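Report on the structure
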Amino acid sequence: MDLHEECGVLGIISPVAADVAGMAYYGLYALQHRGQESCGIVVNDDGVFSSHKDLGLVSEVFSADALARLPQGNMAVGHVRYGTTGGTNRNNCQPIEVNHQKGKMALAHNGNLSNAAVLRNALELSGAIFHTTSDTETIAYIVTRERLRTGSIEDALSAAMDTLDGAYSLVLMSSQKLICARDPYGFRPLCYGRTKDGMYVAASESCALKAVGAEFIRNLEPGEILVFGPDGIVSRREHCGKKPKKICIFEYIYFARPDSAIDGVSVHGARVQAGRILAKAHPIQADIVVGVPDSGLDGALGFSKESGIPYGIGLIKNKYIGRTFISPGQGHRLDQVRIKLSAIEESVRGKRVVLIDDSIVRGTTSGRIVRLLREAGAKEIHMRISSPPFLNPCYYGTDIDSRENLIACHHSVAETAEIIGADSLGYLPVSELGALIGSGGYCSACFDGDYPTAVPADTRKDRFEQKLSEKRER
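Think of each chain on its own: its residues are numbered from 1, step by step along the sequence as written. Per-residue local features are limited, in this predicted model, to residues with pLDDT of at least 70; the limit for side-chain atom pairs, both in listing and counting, is 80 or more; totals at the level of whole chains, interfaces and linings are taken over all residues. Remark: hydrogens and water are excluded; side-chain values derive from all non-hydrogen atoms of the structure.

Remarks on the side chain of Ser169
Tracing the backbone shows Ser169 in strand β7 (residues 166-173). Polar side-chain contacts of Ser169 include one of 2.9 Å to the backbone oxygen of Arg188. A polar atom in the side chain of Ser169 sits 3.4 Å from the backbone oxygen of Pro189. In what follows, residue pairs with any heavy atoms lying within 4.5 Å of each other are defined as contacts. Beyond its immediate stretch of four places on either side in the chain, Ser169 contacts Val9, Ala108, His109, Asn110, Ala181, Arg182, Arg188, Pro189 and Leu190. Under the DSSP-based scheme used, a helix requires at least four consecutive residues in state H or I and a strand at least two consecutive residues in state E, with every element numbered from the N terminus. Two N or O atoms count as a polar contact when they lie within 3.5 Å, although within protein this holds only if one can serve as hydrogen donor and the other as acceptor, and sequence-adjacent residues are included solely when both atoms are side-chain atoms.

Structural data, given as structure tokens:
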């Protein structure tokens, strides 16, 4: 697996001053799988904002001393980042904080604006000065601009949503309110719950609610703005129903934790279903079904149940190594695969193995995993993938910015099987994607090219860094 995911957001509001930073820490820890580049927490103590942000994992950035320096408060916003727009540097850490004429704001964003470059260019021409190269700052500028024209922060956010296009799940904190919003397509998930002592918690995934002891209430609807403030909880739906629902199907295949539920659908259940579909679409005679930890395990279970081939543990993951895509550079990626996974020889030696993984992007990681099983004595390896072949870039928060590195764009299924060293290869049929979630619309543009929004002219992740470099050269 060579994919990068996007980000995770979290917001907390308490009726009384409390250790909201500590709660945010545990919530972000549960969302760590959504981004490992950087993280941050901003605490609101009666209108006074205090923050700590840096590059690294949650456990690295938030030492006991760092958490102790954050005061108690009645609100907090948190973020874990893997950036699909903007480079890896401290300036791009979130939440973004803004001081403007009508108050303060802290903003955390999950997703990717498809019209970010157009919006940023217009803002720069009007005199805006950007301090980061992420599209989140573009959102912050537009919300701030609208706040100067409107009577409330939620009115400003609603007006901003008329301009924003693409994927965004937002958690926004002002001096008195915590506001959540989901784009009208609903590309990225967002839900909220309540603790026994009256705190409300919003998060990208329901697993983060469980981590802080909050009971899940519901998911935000696509286009919904949810306001927590002095007037209680107010749901604004003026943007709901304007667009067809397009939840990212890859949330269910790979991004989300299996113990989460998104829009009423169990992630674990969706992955088991993918395995069942693979067993019917690509049957094979074999002795054992093995999943690639972690997101391939549920699919392997489903394949085993449907096919009757015994499920087994054939690969062990080093729990102290991050996902393979954390480190840049192909050579480093391969080094991480070597120490991340090891094969259990007793399970696979002399056997015909069905190997389940969530996707193939470049093919390098898949090839290395196949070799691990070969070296452990597997007689045959039949790879089955819980997603269709990647054929197109994603503009909504998944780090696929070019067809150039997608193996399926240049090789047939048989050729790909030969390249990665598998005896056979089968992908989930595109026509079966809807069966993973049962109902509701979804975005599968990375597989079928059916984009819900206009395709941006420049799709490079570092496009804003490149723009700055070009300006300096001139």
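Let's pick the thread back up.
Observations concerning the pairing of strand β9 (residues 191-194)
Note that β9 and strand β11 (residues 215-219) share 4 bridges and pair antiparallel. Paired with Gly193 across the two strands is Phe216, which belongs to β11. Should DSSP find at least two bridges between two strands, the strands are regarded as paired. Where β9 and strand β10 (residues 200-203) come together, 4 bridges link them in antiparallel fashion. Each bridged residue has a counterpart across the sheet, and for Cys191 the counterpart in β10 is Ala203. What sits between β9 and β10 in their antiparallel hairpin is a turn of 5 residues, with Gly198 showing a positive phi close to 90 degrees.

Notes on the sheet that holds strand β17 (residues 288-291)
Whenever strands of a sheet pair, they do so through backbone hydrogen bonds, lying parallel or antiparallel. Strand order in the open sheet formed by 4 strands is β17-β20-β21-β22, with parallel pairing between adjacent strands. Among the strands making up the open sheet, the edge pair consists of β17 and β22 (424-427). The sheet shows a mean angle of 20 degrees between the axes of neighbouring strands, direction not considered. Judged from the 6 bridges that link them, strand β20 (residues 352-357) and strand β21 (residues 380-385) form a sheet pairing that is parallel. Across the sheet, residue Arg352 finds its bridge partner in β21, namely Glu380. Sitting on the sheet, helix α10 (residues 297-307) touches β17, β20 and β21, and the angle it makes with β17 is about 160 degrees. Think of each axis as a best-fit line through the C-alpha atoms, taken over the contacting stretch in the case of a helix, with angles from 0 to 180 degrees between the N-to-C directions.

A short note on the environment of Val455
Tracing the backbone shows Val455 in the loop between α16 (445-448) and α17 (463-473). Remark: exposure states derive from per-residue accessible area (1.4 Å probe, protein chains only) relative to the maximum for the residue type, with buried under 20%, exposed over 50%, and partly exposed in between. Relative accessible area serves as the criterion here: at 44%, Val455 is assigned to the partly exposed category. Note: C-alpha distance between Val455 and Tyr395 (60 residues apart in sequence) is 7.5 Å.

Considering the packing of aromatic side chains
Only Phe, Tyr and Trp rings take part, Trp by its six-membered ring, and two of them pair if their centres are within 6.5 Å. Stacked means planes under 30 degrees apart, edge-to-face means over 60, and tilted covers everything else. Taken as a whole and assessed by the stated rule, the structure comprises 16 aromatic pairs. A ring pair is formed by Phe250 and Phe255, whose centres lie 5.4 Å apart and whose planes are at 90 degrees; its orientation type is edge-to-face. When its relative accessible area of 1% is taken as the criterion, Phe250 is described as buried. Look at Phe255 and you get buried, because its relative accessible area is 0%. Ring plane angle 35 degrees and centroid distance 5.0 Å describe the contact between Phe390 and Phe447, whose orientation is recorded as tilted. Here Phe447 lies in helix α16 and Phe390 lies in the loop between β21 and α14 (413-420), a separation of 57 residues in the sequence. Of the two residues, Phe390 and Phe447, neither departs from the other in class, the shared state being buried.

What to know about the sheet that holds strand β4 (residues 73-81)
The strand order across the open sheet formed by 7 strands is β3-β2-β4-β1-β10-β9-β11, and the pairing between neighbours is antiparallel. Two strands close off the open sheet at either side, each with one partner strand: β3 (48-55) and β11. Across the sheet, the axes of successive neighbouring strands diverge by a mean angle of 15 degrees, strand direction being ignored. In the packing of helix α1 (residues 20-30) onto the sheet, the strands contacted are β1 (7-18), β2 (38-45), β4 and β10, and the crossing angle to β1 comes to about 155 degrees.

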